[in-house]
Amino acid sequence: MRDGVAGMDPEALEATAVMGRYCDGEAAAFHRLYGMLAPRVLAYLTGLLGDKAAAEDVLQLAFLKVHEARGAYVRGANPIPWIYTIAHRTCLDEMRKRKRSRVRLTRDGELGAAPAAHITGVAEEAHHAEGERSESAAAAMAALEHLPENQREALLLTKVHGRSVAEAAMITGTTPGAIKLRAHRAYVTLRQMLAGTGKPDQAAQAPSKRELA
Amino acid sequence: MKPNDADELDGRLLRVAMETPPPPPSPEILKTLGTMKPVRTRSRFGAFAAALAIGAIWPAYSLSSSALRPDLGKLPPAWVAIGAALWAFAVVASLAAALVPARGDVLPAGSRASRASAIAMGLVVLFMALWTARVPGVSVRPEDIGKTLLQSCYGCGKYVLQVAAIVIVLGVLLLRRRLPVGAGRIGLAVGAAGGALGGLALHFLCPIATTPHIMLAHVGGMILSSLAGALILRGLLGR
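Just so we're clear, the structure is a prediction, and the values are computed from it rather than from any experiment. (Residues numbered from 1 in each chain as written. Chains lettered and ligands numbered in written order. Predicted model: local features only at pLDDT ≥ 70, side-chain atom pairs only at ≥ 80, totals over all residues.)

### Some thoughts on the overall build of chain B
Here comes step 1: Per the secondary structure count, chain B includes 9 helices and 0 strands.
Here comes step 2: Counted from the first residue to the last, chain B has its helices and strands arranged as α-α-α-α-α-α-α-α-α.
Here comes step 3: For 239 residues, the compact-globule estimate of 2.2 N^0.38 gives 18 Å, and chain B exceeds it by more than 25% at 24 Å.
Here comes step 4: Dimensions of chain B along its principal axes, counting C-alpha atoms only, are 80 × 55 × 30 Å.
Here comes step 5: Out of the 239 residues belonging to chain B, those deemed buried represent 42%. (Helix = DSSP H or I, 4+ residues; strand = E, 2+ residues; numbered from the N terminus. Rg over C-alpha atoms; globule rule 2.2 N^0.38 Å. Buried ≥ 20, exposed ≤ 12 C-beta atoms within 10 Å, placed from the backbone.)

Now the structure itself:
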């Protein structure tokens with residue numbers, strides 16, 4: 001995928017062609033691109049945030065940013081990792097907002113309920129009606145939420161979303177070596193958790209110097 | 001982990017990933033699509049060419065308007081040529097890695113940029129540390145002009161940082177709103193390119209030929225520029 005058009009898979013080729021038409025001003029091309037990439041980007045964001053409603057808000061914001069930044073696109077390049085990168089950054093910003101807004105006092109000086117911090121301002125309660133998940137998928141999702149943030153993103157990108165190590169490094173702004181290490185640690189930890197051994201061991205969770213790069 | 005276990009785990013994760021159908025585009029996106037016009041997209045080499053052309057103006061002016069070092073004609077031609085080639089390589093390799101995306105990519109990769117600039121700077125450091133060339137009686141030492149080592153470094157270091165500052169500002173302008181992640185690593189390479197551009201000009205201009213002066217003022221200025229670039233781009237453009 002890194003050798004330009006000649007080395008791209010069919011999906012990347014299609015995304016590249018559609019992105020070109022989108023930059024030419026074809027609105028239908030945006031809808032095609034959205035249809036192709038929104039499900040997987042949403043899945044990535046849901047995996048990172050652990051909250052489908054918030055992930056949907058970040059998805060909308062990310063595609064708005066893609067629209068605004070389309071002039072920065074390089075014709076002939078694969079837009080998929082680029083769109084992931086924008087979504088990743090948007091997600092990080094959202095996570096910071098959520099952390100900041102997690103603890104707030106009421107006027108009486110008491111702790112208020114944890115605010116949802118959704119971008120659109122939609123109440124969190126409205127988002128709780130979720131579809132039923134299969135048991136194993138729910139277990140995987142629950143286990144994912146216990147991974148450190150950087151391990152979770154490395155695992156999701158490389159194992160679930162099929163991005164190459166180099167692409168995952170670019171999306172997260174780190175080095176390929178760090179991505180490999182984080183994905184491996186996450187994989188080991190997740191397997192231990194899904195196998196029913198309970199809490200992951202401390203060694204697998206503690207980030208090394210290389211991971212922090 | 002056995003391969004079958006891994007497949008099973010991937011399968012479970014994939015099911016999680018695929019069970020969330022996305023919502024339709026928001027009204028805000030649809031509104032912007034209604035007024036959408038064709039946009040001029042970026043070329044792979046545009047930012048690199050612009051940064052190099054504009055960043056090289058001052059060093060080129062310095063070289064054309066100032067007297068070249070008096071010992072230039074008597075120094076070993078190989079030292080002059082290899083030194084200049086290494087400085088130039090550090091400029092081009094660092095700037096290209098920072099601003100030119102790999103073929104098939106939209107964004108330059110931060111890890112590639114920092115690695116390329118570190119290698120290029122390392123080569124300059126090695127060469128300048130290991131091979132000193134001076135012409136007795138013609139090449140200048142700090143004490144010949146009544147200065148201490150640190151005093152002699154002030155002018156050269158300032159020049160390197162000033163040239164680098166222009167390149168860093170160009171980098172910020174060219175990458176503004178285009179670099180979602182990896183700004184620190186890209187900034188390291190942009191700063192290294194700017195510092196090396198100053199070092200390249202000084203290779204022909206600075207009459208002081210002692211190794212400590214070159215290492216501290218010229219090479220040290222380049223390393224300081226790269227650190228400044230990393231801090232500035234990270235601070236201004238985000239993570």
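What follows continues from the structure just given.
### Describing the overall build of chain A
Here comes step 1: Helix and strand counts for chain A come out as 9 helices and 0 strands.
Here comes step 2: If you list the helices and strands of chain A from N to C, you get α-α-α-α-α-α-α-α-α.
Here comes step 3: A fraction of 59% describes how many contacts in chain A between residues 6 or more apart in sequence connect residues 24 or more apart. (Contact = placed C-beta atoms within 7 Å.)

### Examining helix H9 (residues 211-237) of chain B
All names here are of chain B.
Here comes step 1: In a regular helix each residue adds 1.5 Å, so 27 residues correspond to 39 Å; H9 covers 37 Å between its end C-alpha atoms and thus fits that length.
Here comes step 2: Of all the bends in H9, the largest measures some 35° and sits at Gly220.
Here comes step 3: Downstream of H9 by a residue or two, Gly238 has a phi angle that is positive, lying close to 95°. (Expected span 1.5 Å × (residues − 1). Bend = angle between axes of the 7 residues up to and from the residue.)

### Focus: the domain arrangement of chain B
Here comes step 1: Domain parsing of chain B yields domain 1 (3-34) and domain 2 (46-237).
Here comes step 2: Here the C-alpha centre of domain 2 of chain B lies 46 Å away from the C-alpha centre of domain 1 of chain B. (Domains from an automatic or database assignment.)

### Points about the confidence of the model for chain A
Any region with low pLDDT has predicted coordinates that should not be read closely.
All names here are of chain A.
Here comes step 1: Per-residue pLDDT for chain A has a mean of 75; in total, 69% of the residues score no lower than 70.
Here comes step 2: For chain A, the element scoring lowest by mean pLDDT is helix H9 (residues 202-205), at 48; helix H1 (residues 10-23) scores highest, at 92.
Here comes step 3: Predicted confidence for residues 111-133 stays below pLDDT 50, and this span has 28 contacts to residues more than four positions away or in other chains.
Here comes step 4: Contacts of residues 200-204 to residues separated by more than four positions or lying in other chains number 7 contacts, the stretch itself having pLDDT below 50. (pLDDT = per-residue confidence, 0-100.)

### What to know about the packing of helix H2 (residues 27-49) of chain A against helix H3 (residues 52-68) of chain A
For any two helices packed against each other, one specifies the inter-axial angle together with the distance between the axes.
Residues and elements named next belong to chain A.
Here comes step 1: As a packed pair, H2 and H3 sit with axes 8 Å apart at the nearest point and diverge in direction by 135°. Judged by the angle between their axes, H2 and H3 are oblique. Crossing geometry of H2 relative to H3 is assigned as right-handed. Of the residues in H3, those touching H2 at Tyr34, Ala38, Val41, Leu42, Leu45, Thr46 and Leu49 are Lys52, Ala54, Ala55, Glu56, Val58, Leu59, Ala62 and Phe63.
Here comes step 2: Residue composition of the contact of H2 with H3, by class: 12 nonpolar, 1 polar and 2 charged. (Axes fitted to C-alpha atoms, helices over the stretch in contact; angles between N-to-C directions. Parallel < 35°, antiparallel > 145°, perpendicular 65-115°, else oblique. Left-handed = near helix turned anticlockwise from the far one by under 90°. Nonpolar A, V, L, I, M, F, W, Y, C, P; charged D, E, K, R; others polar.)

### Let's talk about the confidence of the model for chain B
All names here are of chain B.
Here comes step 1: The predicted model of chain B averages 89 in pLDDT, with 90% of residues at 70 or higher.
Here comes step 2: The element-level mean pLDDT for chain B is lowest in helix H1 (residues 3-18), coming to 57, with helix H5 (residues 77-99) highest at 96.
Here comes step 3: Model confidence for the complex is summarised by a pTM of 0.77, with the ipTM given as 0.77.

### What to know about the packing of H2 of chain A against helix H6 (residues 149-160) of chain A
Residues and elements named next belong to chain A.
Here comes step 1: One can describe the packing of H2 onto H6 by two numbers: an axis separation of 9 Å at closest approach and a directional angle of 155°. With respect to their mutual orientation, H2 and H6 come out roughly antiparallel. As H2 packs across H6, the resulting crossing turns out to be right-handed. Facing H2, whose interface residues are Tyr44, Gly47 and Leu48, H6 presents Arg152, Glu153 and Leu156.
Here comes step 2: Split into classes, the residues belonging to the contact of H2 with H6 amount to 3 nonpolar, 1 polar and 2 charged.

### Considerations on the domain arrangement of chain A
Here comes step 1: Assigned domains within chain A: domain 1 (1-131) and domain 2 (132-213).
Here comes step 2: Per-class residue counts for the side of domain 1 of chain A that touches domain 2 of chain A are 5 nonpolar, 5 polar and 2 charged.

### Considerations on helix H8 (residues 183-205) of chain B
Here comes step 1: Between its first and last C-alpha, H8 of chain B extends 33 Å over 23 residues, near the 33 Å set by a 1.5 Å rise per residue.
Here comes step 2: The element H8 of chain B is largely enclosed, with a buried count of 21 among its 23 residues.

### Describing the environment of Ala98 of chain B
Residues and elements named next belong to chain B.
Here comes step 1: Tracing the chain through its elements places Ala98 in helix H5.
Here comes step 2: Looking at Ala98, the number of C-beta atoms within 10 Å reads 34, which means it is buried.
Here comes step 3: Here Ala98 is in contact with Pro108, Ala113, Gly171, Ile186, Ala189, Val190 and Ala193, once residues within four sequence places are set aside.

### Focus on the environment of Pro24 of chain B
Residue and element names in this part refer to chain B.
Here comes step 1: Positionally, Pro24 belongs in the loop between H1 and helix H2 (27-34).
Here comes step 2: When the 12 C-beta atoms within 10 Å are taken as the criterion, Pro24 is described as exposed.
Here comes step 3: In the structure, Pro24 is positioned 130 residues away from Tyr154 in sequence and 60 Å away in space, judged by C-alpha atoms.

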